[in-house]
Amino acid sequence: MIVQINQSLAKLNTFGVDQKASRLIWAHSPEEIANYLKHHGAPALVLGGGSNLLLTKDVEGDVLKVDIHGREVVFEDDNHVQIRFGAGENWHEVVLWTLMQGLGGLENLSLIPGNCGTAPVQNIGAYGVELQDVFVSCEGLMIDDCAPFKLSRKQARFSYRNSIFKNAWKGKAVITHLVLKLTKRNHQIHADYGAIKGELEKMGISKPTPKQISDVVIAIRKSKLPDPSQIGNSGSFFKNPIVTKEKAQELLHMYPDMPSYPAEGGKKLAAGWIIEKSGWKGYRKKDVGVHKNQALVLVNYGNATGREIHALAQKIMEDVYARYGIQLEPEVNLI
Ligand code: EPU
(Lines give C-alpha, C1' and ligand atoms only; values in the text may rest on other atoms or scores of the structure.)
Protein backbone atom coordinates (compact mmCIF):
# COMPACT_ATOMS: atom_id res chain seq x y z
CA MET A 1 0.00 0.00 0.00
CA ILE A 2 1.29 3.45 -0.89
CA VAL A 3 -0.07 6.58 0.79
CA GLN A 4 0.25 10.06 -0.75
CA ILE A 5 -0.80 13.19 1.13
CA ASN A 6 -2.70 16.14 -0.42
CA GLN A 7 -2.44 14.68 -3.90
CA SER A 8 -3.86 16.04 -7.17
CA LEU A 9 -6.24 13.63 -8.92
CA ALA A 10 -5.81 15.35 -12.32
CA LYS A 11 -4.01 12.36 -13.86
CA LEU A 12 -6.42 9.85 -12.31
CA ASN A 13 -9.64 11.07 -13.96
CA THR A 14 -10.06 11.16 -17.74
CA PHE A 15 -11.70 14.61 -17.57
CA GLY A 16 -8.30 15.80 -16.30
CA VAL A 17 -10.00 17.89 -13.62
CA ASP A 18 -7.51 19.14 -11.04
CA GLN A 19 -9.08 18.38 -7.64
CA LYS A 20 -7.15 17.03 -4.68
CA ALA A 21 -7.53 14.14 -2.26
CA SER A 22 -6.51 14.66 1.38
CA ARG A 23 -4.93 11.21 1.12
CA LEU A 24 -4.53 8.97 -1.89
CA ILE A 25 -4.12 5.30 -1.01
CA TRP A 26 -2.87 2.87 -3.68
CA ALA A 27 -4.01 -0.70 -2.93
CA HIS A 28 -2.35 -3.54 -4.83
CA SER A 29 -4.20 -6.61 -3.48
CA PRO A 30 -7.48 -7.60 -1.81
CA GLU A 31 -5.48 -8.12 1.40
CA GLU A 32 -4.26 -4.51 1.33
CA ILE A 33 -7.83 -3.31 0.80
CA ALA A 34 -9.10 -5.47 3.68
CA ASN A 35 -6.32 -4.17 5.88
CA TYR A 36 -7.16 -0.58 4.99
CA LEU A 37 -10.90 -1.07 5.62
CA LYS A 38 -10.28 -2.76 8.98
CA HIS A 39 -8.22 0.14 10.23
CA HIS A 40 -9.91 3.14 8.60
CA GLY A 41 -13.46 2.15 7.68
CA ALA A 42 -15.05 3.41 4.47
CA PRO A 43 -12.87 5.67 2.28
CA ALA A 44 -14.40 8.89 0.94
CA LEU A 45 -14.07 7.55 -2.62
CA VAL A 46 -13.07 4.27 -4.30
CA LEU A 47 -11.33 5.06 -7.58
CA GLY A 48 -10.92 2.76 -10.57
CA GLY A 49 -9.88 4.07 -13.97
CA GLY A 50 -11.47 7.48 -13.33
CA SER A 51 -13.18 7.36 -16.73
CA ASN A 52 -16.72 7.80 -15.49
CA LEU A 53 -16.22 10.41 -12.86
CA LEU A 54 -16.66 14.17 -12.59
CA LEU A 55 -14.95 15.73 -9.58
CA THR A 56 -16.64 19.01 -8.67
CA LYS A 57 -14.68 19.49 -5.45
CA ASP A 58 -11.64 18.30 -3.52
CA VAL A 59 -12.13 14.99 -1.74
CA GLU A 60 -11.93 15.59 2.01
CA GLY A 61 -10.73 12.20 3.17
CA ASP A 62 -9.18 9.13 1.62
CA VAL A 63 -9.36 8.13 -2.01
CA LEU A 64 -8.74 4.39 -2.35
CA LYS A 65 -7.19 3.69 -5.74
CA VAL A 66 -7.64 0.03 -6.71
CA ASP A 67 -4.43 -0.97 -8.46
CA ILE A 68 -4.73 -4.75 -8.55
CA HIS A 69 -3.18 -6.43 -11.59
CA GLY A 70 -3.11 -9.96 -13.01
CA ARG A 71 -4.54 -12.05 -15.83
CA GLU A 72 -5.02 -15.78 -15.25
CA VAL A 73 -6.90 -18.52 -17.06
CA VAL A 74 -9.34 -20.12 -14.61
CA PHE A 75 -11.21 -22.46 -16.96
CA GLU A 76 -10.69 -23.78 -20.47
CA ASP A 77 -12.38 -26.24 -22.83
CA ASP A 78 -12.31 -26.69 -26.63
CA ASN A 79 -14.48 -23.66 -27.33
CA HIS A 80 -14.14 -21.25 -24.44
CA VAL A 81 -11.73 -19.81 -21.97
CA GLN A 82 -12.47 -17.95 -18.75
CA ILE A 83 -9.91 -15.39 -17.65
CA ARG A 84 -9.72 -13.64 -14.28
CA PHE A 85 -8.45 -10.06 -14.44
CA GLY A 86 -7.30 -7.78 -11.63
CA ALA A 87 -9.60 -4.77 -11.26
CA GLY A 88 -6.75 -2.36 -12.02
CA GLU A 89 -5.98 -3.85 -15.44
CA ASN A 90 -6.57 -1.27 -18.19
CA TRP A 91 -9.64 -2.27 -20.18
CA HIS A 92 -8.38 -1.58 -23.69
CA GLU A 93 -5.00 -3.25 -23.05
CA VAL A 94 -6.93 -6.34 -21.93
CA VAL A 95 -9.10 -6.22 -25.06
CA LEU A 96 -6.02 -6.07 -27.33
CA TRP A 97 -4.28 -8.81 -25.36
CA THR A 98 -7.24 -11.20 -25.75
CA LEU A 99 -7.50 -10.46 -29.49
CA MET A 100 -3.78 -11.06 -29.96
CA GLN A 101 -4.37 -14.59 -28.67
CA GLY A 102 -7.18 -15.13 -31.14
CA LEU A 103 -9.90 -14.92 -28.47
CA GLY A 104 -13.29 -13.40 -29.29
CA GLY A 105 -15.86 -11.52 -27.21
CA LEU A 106 -14.35 -8.15 -26.37
CA GLU A 107 -13.80 -6.77 -29.90
CA ASN A 108 -16.85 -4.46 -29.95
CA LEU A 109 -15.76 -3.04 -26.60
CA SER A 110 -12.38 -1.86 -27.94
CA LEU A 111 -10.97 1.51 -26.88
CA ILE A 112 -13.39 2.10 -24.00
CA PRO A 113 -11.47 4.06 -21.38
CA GLY A 114 -11.26 2.74 -17.83
CA ASN A 115 -10.22 -0.40 -15.98
CA CYS A 116 -11.58 -3.94 -15.62
CA GLY A 117 -12.93 -3.31 -12.13
CA THR A 118 -15.23 -0.52 -13.18
CA ALA A 119 -16.53 -2.23 -16.32
CA PRO A 120 -19.31 -4.08 -14.44
CA VAL A 121 -20.37 -1.02 -12.44
CA GLN A 122 -21.95 0.64 -15.44
CA ASN A 123 -22.15 -2.49 -17.63
CA ILE A 124 -19.99 -0.83 -20.31
CA GLY A 125 -21.34 -1.22 -23.80
CA ALA A 126 -20.72 -0.26 -27.40
CA TYR A 127 -21.73 -1.28 -30.92
CA GLY A 128 -24.32 -3.87 -29.90
CA VAL A 129 -22.37 -5.60 -27.09
CA GLU A 130 -22.42 -5.06 -23.36
CA LEU A 131 -20.12 -6.34 -20.64
CA GLN A 132 -22.90 -8.63 -19.39
CA ASP A 133 -22.57 -10.66 -22.62
CA VAL A 134 -19.09 -11.89 -21.60
CA PHE A 135 -19.34 -11.56 -17.82
CA VAL A 136 -18.97 -14.69 -15.64
CA SER A 137 -18.45 -13.22 -12.18
CA CYS A 138 -16.75 -10.53 -10.19
CA GLU A 139 -15.16 -10.65 -6.78
CA GLY A 140 -14.44 -8.09 -4.12
CA LEU A 141 -14.97 -6.98 -0.57
CA MET A 142 -17.89 -5.39 1.23
CA ILE A 143 -16.85 -2.08 2.74
CA ASP A 144 -18.65 -2.32 6.08
CA ASP A 145 -17.33 -5.69 7.29
CA CYS A 146 -14.64 -6.65 4.72
CA ALA A 147 -16.64 -9.78 3.83
CA PRO A 148 -15.52 -11.18 0.48
CA PHE A 149 -18.20 -11.52 -2.22
CA LYS A 150 -18.47 -13.23 -5.59
CA LEU A 151 -21.36 -12.23 -7.85
CA SER A 152 -22.72 -14.17 -10.81
CA ARG A 153 -24.13 -12.45 -13.86
CA LYS A 154 -27.65 -12.82 -12.52
CA GLN A 155 -26.71 -11.45 -9.11
CA ALA A 156 -25.01 -8.41 -10.70
CA ARG A 157 -28.45 -7.29 -12.05
CA PHE A 158 -27.20 -5.75 -15.26
CA SER A 159 -29.27 -3.49 -17.48
CA TYR A 160 -28.42 -0.61 -19.82
CA ARG A 161 -25.44 1.23 -18.22
CA ASN A 162 -26.57 -0.12 -14.87
CA SER A 163 -25.89 -2.84 -12.27
CA ILE A 164 -26.27 -3.65 -8.58
CA PHE A 165 -23.19 -1.46 -7.98
CA LYS A 166 -25.16 1.64 -9.00
CA ASN A 167 -28.18 0.68 -6.88
CA ALA A 168 -28.43 -1.60 -3.80
CA TRP A 169 -24.62 -1.87 -3.48
CA LYS A 170 -23.76 1.73 -4.36
CA GLY A 171 -20.79 2.80 -2.23
CA LYS A 172 -20.87 -0.54 -0.38
CA ALA A 173 -18.47 -2.77 -2.29
CA VAL A 174 -14.96 -2.73 -3.77
CA ILE A 175 -14.46 -4.88 -6.86
CA THR A 176 -11.07 -6.59 -6.94
CA HIS A 177 -11.37 -9.12 -9.82
CA LEU A 178 -13.45 -9.77 -12.91
CA VAL A 179 -13.89 -13.13 -14.73
CA LEU A 180 -14.82 -13.02 -18.42
CA LYS A 181 -15.80 -15.82 -20.79
CA LEU A 182 -14.22 -15.61 -24.24
CA THR A 183 -14.49 -17.76 -27.36
CA LYS A 184 -11.58 -19.74 -28.86
CA ARG A 185 -13.54 -20.56 -32.02
CA ASN A 186 -17.08 -20.14 -33.44
CA HIS A 187 -16.86 -16.49 -32.45
CA GLN A 188 -20.14 -14.61 -32.00
CA ILE A 189 -19.64 -11.74 -34.41
CA HIS A 190 -21.75 -8.61 -33.83
CA ALA A 191 -21.44 -6.58 -37.00
CA ASP A 192 -25.01 -5.30 -37.34
CA TYR A 193 -24.51 -1.93 -35.74
CA GLY A 194 -24.93 0.68 -38.49
CA ALA A 195 -21.48 2.26 -38.32
CA ILE A 196 -19.67 -1.14 -38.21
CA LYS A 197 -21.67 -2.54 -41.12
CA GLY A 198 -20.89 0.53 -43.25
CA GLU A 199 -17.14 0.38 -42.54
CA LEU A 200 -16.93 -3.36 -43.26
CA GLU A 201 -18.79 -2.91 -46.56
CA LYS A 202 -16.39 -0.13 -47.55
CA MET A 203 -13.46 -2.48 -46.83
CA GLY A 204 -15.10 -5.34 -48.72
CA ILE A 205 -15.11 -7.64 -45.66
CA SER A 206 -18.10 -9.98 -45.44
CA LYS A 207 -16.88 -12.45 -42.78
CA PRO A 208 -14.97 -10.36 -40.26
CA THR A 209 -12.72 -11.81 -37.57
CA PRO A 210 -12.86 -10.43 -34.02
CA LYS A 211 -9.61 -8.55 -34.73
CA GLN A 212 -11.12 -6.94 -37.84
CA ILE A 213 -14.20 -5.87 -35.87
CA SER A 214 -11.90 -4.36 -33.25
CA ASP A 215 -9.94 -2.47 -35.93
CA VAL A 216 -13.18 -1.05 -37.32
CA VAL A 217 -14.49 -0.09 -33.86
CA ILE A 218 -11.18 1.61 -33.07
CA ALA A 219 -11.35 3.58 -36.33
CA ILE A 220 -14.97 4.64 -35.70
CA ARG A 221 -14.30 5.65 -32.11
CA LYS A 222 -11.18 7.60 -33.09
CA SER A 223 -13.16 9.50 -35.73
CA LYS A 224 -15.98 10.45 -33.33
CA LEU A 225 -14.70 10.44 -29.79
CA PRO A 226 -11.92 12.62 -28.38
CA ASP A 227 -8.86 10.85 -26.96
CA PRO A 228 -8.84 11.59 -23.19
CA SER A 229 -5.04 11.90 -23.24
CA GLN A 230 -5.45 14.87 -25.66
CA ILE A 231 -8.80 16.38 -24.62
CA GLY A 232 -10.30 15.60 -21.21
CA ASN A 233 -13.63 13.76 -21.38
CA SER A 234 -15.48 10.78 -19.93
CA GLY A 235 -17.08 9.36 -23.07
CA SER A 236 -20.83 9.78 -23.16
CA PHE A 237 -21.71 12.22 -20.42
CA PHE A 238 -25.42 11.33 -20.57
CA LYS A 239 -27.28 8.04 -20.92
CA ASN A 240 -29.50 7.56 -23.92
CA PRO A 241 -32.99 8.12 -22.46
CA ILE A 242 -35.49 5.26 -22.50
CA VAL A 243 -39.03 6.61 -22.95
CA THR A 244 -42.45 4.99 -23.34
CA LYS A 245 -43.51 3.88 -26.83
CA GLU A 246 -46.22 6.58 -26.72
CA LYS A 247 -43.71 9.36 -25.95
CA ALA A 248 -41.42 8.09 -28.73
CA GLN A 249 -44.36 8.01 -31.15
CA GLU A 250 -45.28 11.58 -30.26
CA LEU A 251 -41.72 12.76 -30.90
CA LEU A 252 -41.36 10.72 -34.11
CA HIS A 253 -44.50 12.39 -35.39
CA MET A 254 -42.79 15.79 -35.02
CA TYR A 255 -39.25 14.64 -35.94
CA PRO A 256 -39.50 11.68 -38.34
CA ASP A 257 -35.71 11.43 -38.73
CA MET A 258 -35.10 10.98 -34.97
CA PRO A 259 -33.15 7.75 -34.26
CA SER A 260 -34.93 5.37 -31.84
CA TYR A 261 -34.40 1.73 -30.89
CA PRO A 262 -36.57 -0.78 -28.97
CA ALA A 263 -35.25 -1.15 -25.41
CA GLU A 264 -36.36 -2.43 -22.02
CA GLY A 265 -40.08 -2.23 -22.76
CA GLY A 266 -39.98 1.22 -24.37
CA LYS A 267 -37.82 3.08 -26.88
CA LYS A 268 -34.25 4.23 -26.46
CA LEU A 269 -33.60 7.63 -28.03
CA ALA A 270 -30.22 8.99 -29.12
CA ALA A 271 -29.32 11.74 -26.64
CA GLY A 272 -26.51 12.81 -29.00
CA TRP A 273 -29.04 13.49 -31.75
CA ILE A 274 -31.32 15.41 -29.37
CA ILE A 275 -28.46 17.53 -28.00
CA GLU A 276 -27.22 18.24 -31.52
CA LYS A 277 -30.73 19.28 -32.65
CA SER A 278 -30.87 21.59 -29.63
CA GLY A 279 -27.85 23.42 -31.05
CA TRP A 280 -25.20 22.40 -28.51
CA LYS A 281 -22.85 20.35 -30.69
CA GLY A 282 -19.45 22.09 -30.89
CA TYR A 283 -20.44 24.64 -28.21
CA ARG A 284 -17.50 26.05 -26.25
CA LYS A 285 -17.18 28.50 -23.38
CA LYS A 286 -13.68 29.01 -22.00
CA ASP A 287 -12.30 25.48 -21.56
CA VAL A 288 -15.63 23.64 -21.37
CA GLY A 289 -17.47 22.35 -24.40
CA VAL A 290 -19.60 19.85 -26.25
CA HIS A 291 -17.51 17.74 -28.63
CA LYS A 292 -17.76 18.72 -32.29
CA ASN A 293 -18.19 15.14 -33.57
CA GLN A 294 -20.36 13.61 -30.83
CA ALA A 295 -22.77 15.78 -28.85
CA LEU A 296 -23.06 13.24 -26.01
CA VAL A 297 -19.49 13.97 -24.99
CA LEU A 298 -18.60 16.97 -22.81
CA VAL A 299 -14.97 18.05 -22.99
CA ASN A 300 -12.33 19.85 -20.96
CA TYR A 301 -10.05 21.72 -23.37
CA GLY A 302 -7.49 22.41 -20.65
CA ASN A 303 -8.25 24.01 -17.33
CA ALA A 304 -12.00 23.55 -16.94
CA THR A 305 -13.19 22.86 -13.42
CA GLY A 306 -15.60 20.07 -12.55
CA ARG A 307 -18.12 22.73 -11.53
CA GLU A 308 -17.95 24.39 -14.95
CA ILE A 309 -18.48 21.05 -16.68
CA HIS A 310 -21.36 20.27 -14.33
CA ALA A 311 -22.93 23.69 -14.95
CA LEU A 312 -22.84 23.07 -18.73
CA ALA A 313 -24.40 19.63 -18.25
CA GLN A 314 -27.23 21.18 -16.24
CA LYS A 315 -27.85 23.87 -18.87
CA ILE A 316 -28.08 21.18 -21.56
CA MET A 317 -30.45 19.09 -19.44
CA GLU A 318 -32.74 22.07 -18.81
CA ASP A 319 -32.71 23.08 -22.48
CA VAL A 320 -33.47 19.54 -23.71
CA TYR A 321 -36.28 19.22 -21.17
CA ALA A 322 -37.79 22.55 -22.27
CA ARG A 323 -37.63 21.60 -25.95
CA TYR A 324 -38.52 17.89 -25.91
CA GLY A 325 -39.91 17.12 -22.44
CA ILE A 326 -37.09 14.58 -22.04
CA GLN A 327 -35.17 14.36 -18.78
CA LEU A 328 -31.56 13.47 -19.58
CA GLU A 329 -29.62 11.60 -16.93
CA PRO A 330 -25.84 11.81 -16.51
CA GLU A 331 -23.97 8.56 -17.09
CA VAL A 332 -20.95 9.78 -15.10
CA ASN A 333 -20.70 9.79 -11.31
CA LEU A 334 -20.72 13.28 -9.85
CA ILE A 335 -18.58 13.84 -6.77
N1 EPU B 1 -26.11 11.25 -33.24
C2 EPU B 1 -26.32 12.52 -33.71
N3 EPU B 1 -25.50 13.51 -33.26
C4 EPU B 1 -24.51 13.30 -32.35
C5 EPU B 1 -24.32 12.00 -31.86
C6 EPU B 1 -25.13 10.99 -32.33
O7 EPU B 1 -27.20 12.77 -34.52
O8 EPU B 1 -23.81 14.25 -31.99
C9 EPU B 1 -26.96 10.16 -33.78
C10 EPU B 1 -26.14 9.23 -34.70
O11 EPU B 1 -26.14 9.70 -36.01
C12 EPU B 1 -26.90 7.93 -34.57
C13 EPU B 1 -27.39 7.97 -33.12
O14 EPU B 1 -27.37 9.33 -32.72
O15 EPU B 1 -28.01 7.90 -35.42
C16 EPU B 1 -26.54 7.11 -32.21
O17 EPU B 1 -25.19 7.59 -32.25
P18 EPU B 1 -23.90 6.67 -31.99
O19 EPU B 1 -23.99 5.44 -32.79
O20 EPU B 1 -22.70 7.53 -32.09
O21 EPU B 1 -24.08 6.19 -30.50
P22 EPU B 1 -24.60 6.95 -29.20
O23 EPU B 1 -25.98 6.47 -28.89
O24 EPU B 1 -24.40 8.41 -29.33
C25 EPU B 1 -23.81 5.02 -27.62
C26 EPU B 1 -23.03 4.86 -26.35
C27 EPU B 1 -21.55 4.99 -26.61
C28 EPU B 1 -21.15 3.92 -27.60
C29 EPU B 1 -21.99 4.09 -28.89
C30 EPU B 1 -21.76 2.97 -29.87
C31 EPU B 1 -24.46 5.63 -24.56
C32 EPU B 1 -24.77 6.71 -23.58
N33 EPU B 1 -23.44 5.86 -25.38
O34 EPU B 1 -23.60 6.35 -28.09
O35 EPU B 1 -20.87 4.72 -25.40
O36 EPU B 1 -19.78 3.98 -27.92
O37 EPU B 1 -23.40 4.06 -28.55
O38 EPU B 1 -22.35 1.81 -29.39
O39 EPU B 1 -25.14 4.59 -24.55
C40 EPU B 1 -19.96 5.77 -23.45
O41 EPU B 1 -20.86 5.20 -22.81
O42 EPU B 1 -19.10 6.48 -22.88
C43 EPU B 1 -19.93 5.63 -24.91
C44 EPU B 1 -19.09 6.31 -25.67
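Residues numbered from 1 in each chain as written. Predicted model: local features only at pLDDT ≥ 70, side-chain atom pairs only at ≥ 80, totals over all residues. Heavy atoms only, no water.

Any details on the packing of helix H3 (residues 194–203) against helix H4 (residues 210–224)? Residues and values, ideally.
Close contact between H3 and H4 brings their axes to 10 Å; oriented N to C, the two are set at 110°. Of the possible angle classes, the one that applies to H3 and H4 is roughly perpendicular. Considering the relative orientation of H3 and H4, their crossing is right-handed. Here Ala195, Ile196, Glu199, Leu200 and Met203 of H3 come into contact with H4, specifically with Ile213, Val216, Val217 and Ile220. Grouping the amino acids of the contact of H3 with H4 by side-chain chemistry returns eight nonpolar, no polar and one charged. (Axes fitted to C-alpha atoms, helices over the stretch in contact; angles between N-to-C directions. Helix = DSSP H or I, 4+ residues; strand = E, 2+ residues; numbered from the N terminus. Parallel < 35°, antiparallel > 145°, perpendicular 65-115°, else oblique. Left-handed = near helix turned anticlockwise from the far one by under 90°. Contact = heavy atoms within 4.5 Å. Nonpolar A, V, L, I, M, F, W, Y, C, P; charged D, E, K, R; others polar.)

How would you explain the nonpolar core if you had to name every residue and give the values?
Membership of the largest hydrophobic core comes to 44 residues, with the highest contact counts inside it found for Phe237, Phe238, Ile275, Leu298, Ile309, Ile316 and Leu328. Put simply, the parts of the chain that give this core at least two residues each are strand E2 (20–27), strand E3 (45–47), strand E4 (53–54), strand E5 (59–66), helix H5 (245–254), helix H6 (271–277), strand E18 (288–290) and helix H7 (306–324). Ranked by residues supplied to this core, first place goes to H7 with seven residues. Residue contributions to this core reach at least three from each of two domains, namely domain 1 (2–66) and domain 3 (232–334). Aside from chain neighbours lying at most four places away, what touches Leu298 is Phe15, Gly232, Asn233, Ser234, Gly235, Phe237, Gly289, Val290, Ile309, Leu312, Ala313 and Ile316. (Core = buried A, V, L, I, M, F, W, Y, C linked by side-chain atoms within 4.5 Å. Buried < 20%, exposed > 50% of the residue type's maximum accessible area, 1.4 Å probe, protein only. Domains from an automatic or database assignment.)

Requested: an account of the site of the ligand, with residues and values cited.
Surveying the vicinity of the ligand reveals 24 residues, the closest of which are Tyr127, Tyr160, Arg161, Ser236 and Glu276. Taking Tyr127, its main chain carries an N or O atom lying 2.6 Å from an oxygen atom of the ligand. One of the side-chain N or O atoms of Glu331 is found 3.0 Å from an oxygen atom in the ligand. Considering the ligand on its own, with 810 Å² of exposed area, one finds that the protein chains cover 83% of that surface. (Near = heavy atom within 4 Å. Polar contact = N/O pair within 3.5 Å; in protein donor to acceptor, adjacent residues only side chain to side chain. Areas by Shrake-Rupley, 256 points an atom, 1.4 Å probe, with all protein chains shown as cover.)

An account of the domain arrangement of the chain is needed here, citing residue identities and associated values.
Interfaces are frequently sized by the accessible area removed from exposure as the parts join. Along its sequence, the chain is organised into domain 1 (2–66), domain 2 (71–183) and domain 3 (232–334). Between the C-alpha centres of domain 1 and domain 2 there is a distance of 21 Å. With 14 residues of domain 1 in contact, the opposing surface of domain 2 contributes 15 residues. Summed over both sides, the interface between domain 1 and domain 2 buries roughly 1100 Å², with carbon and sulfur atoms accounting for 77% of that surface. (Buried area = accessible area lost by both parts, 1.4 Å probe.)

Could you give an account of the packing of aromatic side chains, naming the residues involved and the relevant values?
Where two aromatic rings form a pair, the distance of their centres and the angle of their planes describe that pair. The full count for this structure, using the stated rule, is eleven aromatic pairs. Between Tyr127 and Tyr193, the aromatic rings sit 5.1 Å apart at their centres with planes inclined by 80°, giving edge-to-face as the arrangement. You can see Tyr127 sitting in the loop between strand E8 (125–126) and strand E9 (129–130) and its partner Tyr193 sitting in the loop between strand E12 (173–183) and H3, a full 66 residues away along the chain. Taking the centre distance of 5.0 Å and the plane angle of 75° together, the rings of Phe149 and Trp169 count as edge-to-face. Taken as a pair, Phe149 in strand E11 (residues 148–152) and Trp169 in the loop between E11 and E12 lie far apart in primary sequence, 20 residues in all. For the cation-ring pair, Arg71 lies above Trp97, with the distance from its terminal atom to the ring centre recorded as 5.0 Å. (Phe/Tyr/Trp six-rings, centres within 6.5 Å; stacked < 30°, edge-to-face > 60°. Lys NZ or Arg CZ within 6 Å of the ring centre and 35° of its normal.)

Mind laying out the sheet that holds E5, listing which residues take part and the relevant values?
Strand order in the open sheet formed by four strands is E1-E2-E5-E3, and the pairing between neighbours is mixed. A strand with exactly one partner marks an edge of an open sheet, and here the two such strands are strand E1 (2–8) and E3. When the angles between neighbouring strand axes are averaged without regard to direction, this sheet yields 25°. Across three bridges, the pairing between E3 and E5 is parallel. Counted as the bridge partner of Val46 is Leu64 from E5. Contacts between helix H1 (residues 30–40) and the sheet are confined to E2 and E5, with E2 contributing the most and set at about 135° to the helix. (Pairing = 2+ DSSP bridges.)

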